[in-house]
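Here is what each chain is made of, one letter per residue.
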Amino acid sequence: MKTFFTLALFMLCHTASAQIIYSPSGVMRAEFKLTDRGEPSYSLFLGKKEVIKPCKLGLVLKDAPSFTEGFTVLRTDTSTYFEVWQPVWGEVRNITNHYRELAVKLHQAQSNVNLTIRFRLFNDGLAFRYEFPEQPQLTYFIVVDELTEFQLTGDHKAFWIPGDYDSNEYPYSITNLSQVDATIADRHTEIGVRSPIGKKFVQTPLLLNTDGGMYINIHEAALVNYPAMQLQVKDNALLMSHLVPDAVGNKAYLQTPFQTPWRTILASYKATDLLASKTILNLNEPSKIANPEWIKPQKFLGVWWEMHVGLATWNYANQSNIALKNTDWKSLTPNGTHGATTLNTKRYIDFAAEHGFDGVLVEGWNVGWEDWFGKWKEDVFDFVTPYPDFDLAELKNYAHDRGVKLIMHHETSGSVTNYERKLDEAIHLMKSYHYPAVKTGYVGKIIPRGEHHDGQWMVNHYLRVADKLANNQLMVDAHEPVRPTGLHRTYPNWMASEAARGNEFNAWSVGNPPEHETILPFTRLMGGPMDYTPGIFQIKMDFFKPGSPYQVHTTLAKQLALYVTMYSPFQMAADLPESYRARPDAFQFIKDVPVDWDDTRVLLAEPGDYLAIARKAKGKPDWFLGAITDEEKRALPVTFDFLDDRQSYVVTIYGDALDAHWKDNPMAYEIKKFIVNKRSVVKLNLAAGGGAALHIKPASAEENKKVKRYRPD
Ligand code: NOJ
Ligand code: CA
């Protein structure tokens, strides 16, 4: 189903007159204007309320007049677009892409340059980008600044992480914009000076909540060949784009024709609608992968958590300062704690096979971990040489015989040129040993060029890797990359990214506060799936390391609920097999929960407080529901009107026990069954830092007789 019609309006050399567009339902209104000085400006309304007050657009190029004023309008075009498309995997089977577009073609007399600003107005938000058409006056150019403004209507409440060119791995602060201070330690972390950029810099996706109850999300879509946009808070209500620079301070090196990523402003009075938005995905190009059958959403285990909790090591020997090239690995003395051994990997493969998991990630299989931050960092990994105790060929056969696939791990330690040099060989090895997917990693400073993780050069790198892997029918899960902007529509083999503070922080630091997972869906996840690594059952780390003060800041039941509330097609069951063996009844939920869905309903949501989401398994009548809360205990009433009217369903609920508490009693859960139908309202009792995970499936005649109807207690 696809319709597309265009209506062109011609306007010559107008300066002050405004162009107004309405979203398809009419609920949103955007306006473009040139000021008297010929400065491009825009504003946005939701209903009768201003979201963005008139504010400026512009760019500054090196050795050229600023693209901020002196413009005239050459012509404007408006059009409407409607399509329904099917993602290769995702939260819903069908996605509607419906918007009104306004393209404003501008000319600047002083430079003789043409610039188009293209707006797309959806029912839930506005997007715009700068386009530089091919023209003799502008061929190669360097962007030194982008001056896009977001003039808000007040000093809104903001959910923010500090501006940082290299990391998104922070807990969120919740303050009014005027109170943003990204350089002081916040209430959760021990980290002193936080933002390496400055006091008033924050990252996107940024969530705002106005006094009038409006939720606003500012981010970007289709970040290609350009640096990530961060935001500078000015005058409490003005946000200014701040592009991540390169090693010498420039922002982007470009060639016409070029278009910037879309700047996105989503707005709604319903927090639930914000979460359901598909606008960022819609702004990305359709899939470049013609035959995507090889792309498999999956759940996997990993030789991984045991390293994070300190039971095993990535490295094989204890020596340091080992040069990759000159080392005879077989001559080193094993340290006795190496995690990625053939034997240990087989243990995970057996467990995966027994419980129906698709994959096993193995980290620390390749040489170099003895010194991955040291003297030899630049070429410390070659991504092809296994440690002497890791037998690639034997494991290939062992996994194959049991119907399991191994997942490759490439930690680059930020040595990106080294990685690019070796990628072909690494891919060849993956194909030879039947690895379908790779988890990449970019821990530490980017070398050798001094670039930043979120700058143009690295943005291009991540995409080049995803593209090359796609050409080789390989999936990717990137850790420490730039945060996503919906590019998984174009590259559906890019299954997930980390690019936020994951569960792993709970293993070895003050960790993530209980509210963390109630904020992520409104912020980081707006751009795409996160490899959060849920499913930790052994909540307190002193179980592994006596005396350890660290713990996961949730109950066990909440860890289950995260499989539903944090969408990813690449979902880890992150804990050790022993932890799952000890609680097979709770583990059943992880085994049953899908990673690909026909439908999603966001039932209840308040950022920083709670969340309840129901999803229908792809191609099956089963629904799954996840509900989570922050540090407050709550009773959430959930309705089931998404169910089929013609039948009743049996619910298996994995919930917090009455006395559960994330700190004092995190592992106390209860599993109950009851019958519901479309008209049921169920009160979910969530402990402080707790959650509930529900598997809802059509009830058999037998179950209808035997299982009790739901009754509020
Ligand atoms: C950081 C990643 O987020 C983590 O998952 C991985 O285990 C380590 N780097 C080592 O590569
Ligand atoms: Ca990380």
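Residues numbered from 1 in each chain as written. Chains lettered and ligands numbered in written order. Predicted model: local features only at pLDDT ≥ 70, side-chain atom pairs only at ≥ 80, totals over all residues. Heavy atoms only, no water.

A.B. asks: In this structure, what is going on with the overall build of the protein? I would like to understand it.
C.D. replies: The secondary structure content of the protein amounts to 13 helices and 37 strands. For a compact globule of 713 residues, the expected C-alpha radius of gyration is about 27 Å, and the protein comes in at 26 Å, within 12% of that figure. Projecting the C-alpha coordinates of the protein onto the three principal axes gives extents of approximately 75 × 70 × 50 Å. The buried share of the protein, taken over its 713 residues, is 64%. (Helix = DSSP H or I, 4+ residues; strand = E, 2+ residues; numbered from the N terminus. Rg over C-alpha atoms; globule rule 2.2 N^0.38 Å. Buried < 20%, exposed > 50% of the residue type's maximum accessible area, 1.4 Å probe, protein only.)

A.B. asks: Explain the pairing of strand 36 (residues 681-686) here, please?
C.D. replies: Put simply, side chains in a regular strand alternate between the two faces of the sheet. Side chains V682, L684 and L686 project from strand 36 onto a buried face, and the interleaved V681, K683 and N685 project onto a face without burial. Sheet topology places strand 33 (residues 634-639) next to strand 36; six bridges connect them, and they run antiparallel. Paired with T639 across the two strands is V681, which belongs to strand 36. (Pairing = 2+ DSSP bridges.)

A.B. asks: Looking at this model, I keep getting lost on the confidence of the model for the protein. Mind explaining?
C.D. replies: Detailed reading of the predicted coordinates is not advisable wherever pLDDT falls low. Per-residue confidence for the protein gives a mean pLDDT of 95, with 96% of residues at or over 70. Within the model, the stretch residues 1-15 combines pLDDT values under 50 with 43 contacts to residues more than four positions away or in other chains. (pLDDT = per-residue confidence, 0-100. Contact = heavy atoms within 4.5 Å.)

A.B. asks: Hey, could you run me through the packing of helix 4 (residues 342-355) against helix 5 (residues 392-401) in this one?
C.D. replies: Packed helices, taken two at a time, are described by their axes: the angle between them and the distance between them. The contact between helix 4 and helix 5 brings their axes to 10 Å, and the two run at 15°. By the angle class used here, helix 4 and helix 5 are roughly parallel. Crossing of helix 4 over helix 5 shows right-handed handedness. Note on element contacts: helix 5 touches helix 4 through E394, L395, Y398 and A399, opposite T342, T345, K346, I349 and D350. (Axes fitted to C-alpha atoms, helices over the stretch in contact; angles between N-to-C directions. Parallel < 35°, antiparallel > 145°, perpendicular 65-115°, else oblique. Left-handed = near helix turned anticlockwise from the far one by under 90°.)

A.B. asks: In this structure, what is going on with the site of ligand 1? I would like to understand it.
C.D. replies: Near ligand 1 there are 13 residues, and of these W304, E363, E411, K439 and H479 occur at the shortest range. Contact between ligand 1 and W304: an oxygen atom at 2.9 Å from a side-chain N or O atom of the residue. Interatomic distance of 2.9 Å between a side-chain N/O atom of H308 and an oxygen atom of ligand 1. In the complex, the protein chains occlude 95% of the 300 Å² of accessible area that ligand 1 would expose alone. Class assignment of the residues belonging to the shell around ligand 1 gives a composition of four nonpolar, three polar and six charged. (Near = heavy atom within 4 Å. Polar contact = N/O pair within 3.5 Å; in protein donor to acceptor, adjacent residues only side chain to side chain. Areas by Shrake-Rupley, 256 points an atom, 1.4 Å probe, with all protein chains shown as cover. Nonpolar A, V, L, I, M, F, W, Y, C, P; charged D, E, K, R; others polar.)

A.B. asks: Explain the sheet that holds strand 37 (residues 691-698) here, please?
C.D. replies: For sheets, the rule is that strands pair by backbone hydrogen bonds, running either parallel or antiparallel. With antiparallel pairing, the six strands of this open sheet are ordered in space as 30-31-32-37-34-35. Sheet topology places strand 30 (597-606) and strand 35 (669-676) at the edges, where each strand pairs with a single neighbour. Averaged over all neighbouring strand pairs, the angle between strand axes comes to 15°, with direction disregarded. Here strand 34 (residues 649-656) pairs with strand 37 via seven bridges, running antiparallel. Bridged to I653 within strand 37 is L694. Here helix 10 (residues 556-565) sits on the sheet in contact with strand 31 (610-617), strand 32 (623-629), strand 34, strand 35 and strand 37, set at roughly 125° to strand 32. Along the sheet, helix 12 (residues 584-592) contacts strand 32, strand 34, strand 35 and strand 37; its crossing angle with strand 34, the most-contacted strand, is approximately 120°.

A.B. asks: Would you mind showing me how to read the packing of helix 6 (residues 416-432) against helix 7 (residues 456-471) here?
C.D. replies: Helix 7 packs onto helix 6 with a crossing angle of 0° between their chain directions and a minimal axis gap of 12 Å. Overall, the two elements helix 6 and helix 7 adopt an arrangement that is roughly parallel. Along the contact surface, helix 6 presents V416, T417, Y419, E420, L423, D424 and I427, while helix 7 presents W457, M458, H461, R464, V465, K468 and L469.

A.B. asks: How do you make sense of the coordination of the calcium ion (ligand 2) when you look at a structure like this?
C.D. replies: Six octahedral donors around a metal ideally subtend angles of 90 or 180 degrees, whereas four tetrahedral donors ideally subtend 109.5 degrees. At this site the calcium ion (ligand 2) is bound by E169 (OE), E480 (OE), E498 (OE), E498 (OE) and E504 (OE), with donor distances of 2.3 to 3.0 Å. Look at where the donors of the calcium ion (ligand 2) fall in the sequence and you get E-x310-E-x17-E-x5-E. On the criterion of sequence distance, the pair formed by E480 in the loop between strand 27 (475-479) and strand 28 (494-497) and E498 in the loop between strand 28 and helix 8 (505-508) is long-range, its members being 18 residues apart. Its relative accessible area of 14% is what places E480 among the buried residues. The exposure class of E498 is buried, given its relative accessible area of 0%. (Donors = N, O, S within 2.8 Å, 3.2 Å for Na, K, Ca; no water.)

A.B. asks: Would you take a moment to explain helix 12 for this structure?
C.D. replies: It helps to recall that an α-helix has 3.6 residues per turn; residues three or four apart then point in one direction. For helix 12, the complete set of buried residues consists of A586, F587, F589 and I590. For helix 12, the buried positions fall inside an angular range of 140° around the axis, keeping them on one side. (Arc of directions from axis to C-beta.)

A.B. asks: Sorry if this is basic, but what is going on with the sheet that holds strand 6 (residues 59-61) here?
C.D. replies: Pairing is antiparallel in the open sheet, where three strands are placed in the order 6-11-20. Only two strands of the sheet have a single partner each, and these edge strands are strand 6 and strand 20 (252-255). The sheet shows a mean angle of 45° between the axes of neighbouring strands, taken without regard to direction. Taken together, the four bridges between strand 11 (residues 140-146) and strand 20 define a ladder with antiparallel strand orientation. The residue of strand 20 that forms the bridge with I142 is Y253.

A.B. asks: Explain the packing of aromatic side chains here, please?
C.D. replies: The geometry of two aromatic rings is summed up by the distance between their centres and the angle between their planes. This model, assessed by the stated rule, comprises 35 aromatic pairs. For the ring pair W89 and Y567, a centre distance of 6.4 Å and an interplane angle of 40° mean the geometry is tilted. Here Y567 lies in the loop between helix 10 and strand 29 (570-572) and W89 lies in the loop between strand 7 (71-85) and strand 8 (95-108), a separation of 478 residues in the sequence. Seen from their ring centres, W623 and F642 are 4.5 Å apart, and the 40° between their planes marks the pair as tilted. Here the residue W623 occupies a position in strand 32, and F642 occupies one in the loop between strand 33 and strand 34, the gap between them amounting to 19 residues. (Phe/Tyr/Trp six-rings, centres within 6.5 Å; stacked < 30°, edge-to-face > 60°.)

A.B. asks: Any chance you could explain the environment of H488 here in plain terms?
C.D. replies: Tracing the chain through its elements places H488 in the loop between strand 27 and strand 28. Since its relative accessible area comes to 15%, H488 is described here as buried. The residues contacting H488, other than those within four sequence positions of it, are W89, L281, W494, G527, G528 and P529.

A.B. asks: Is there a simple way to explain the nonpolar core in this structure?
C.D. replies: A general trend in soluble globular proteins is that nonpolar side chains are found buried together. With 167 residues, the main nonpolar core has Y42, F119, F150, L239 and I265 as its most contacted residues. If one sorts the elements of this core by residue count, helix 7 sits on top with nine residues. Ranked by size, the runner-up nonpolar core spans 35 residues in total, among them F122, Y215, L283 and L525. (Core = buried A, V, L, I, M, F, W, Y, C linked by side-chain atoms within 4.5 Å.)

A.B. asks: What's the story with helix 7 in this structure? I'm lost.
C.D. replies: For helix 7, which comprises 16 residues, the first-to-last C-alpha distance of 22 Å matches the rise-based estimate of 22 Å (1.5 Å per residue) to within 8%. Those residues of helix 7 that sit buried are Q456, W457, M458, V459, H461, Y462, L463, V465, A466, L469 and A470. Next to the buried residues of helix 7 lie strand 20, helix 6, strand 26 (437-441), strand 27 and strand 28. (Expected span 1.5 Å × (residues − 1).)

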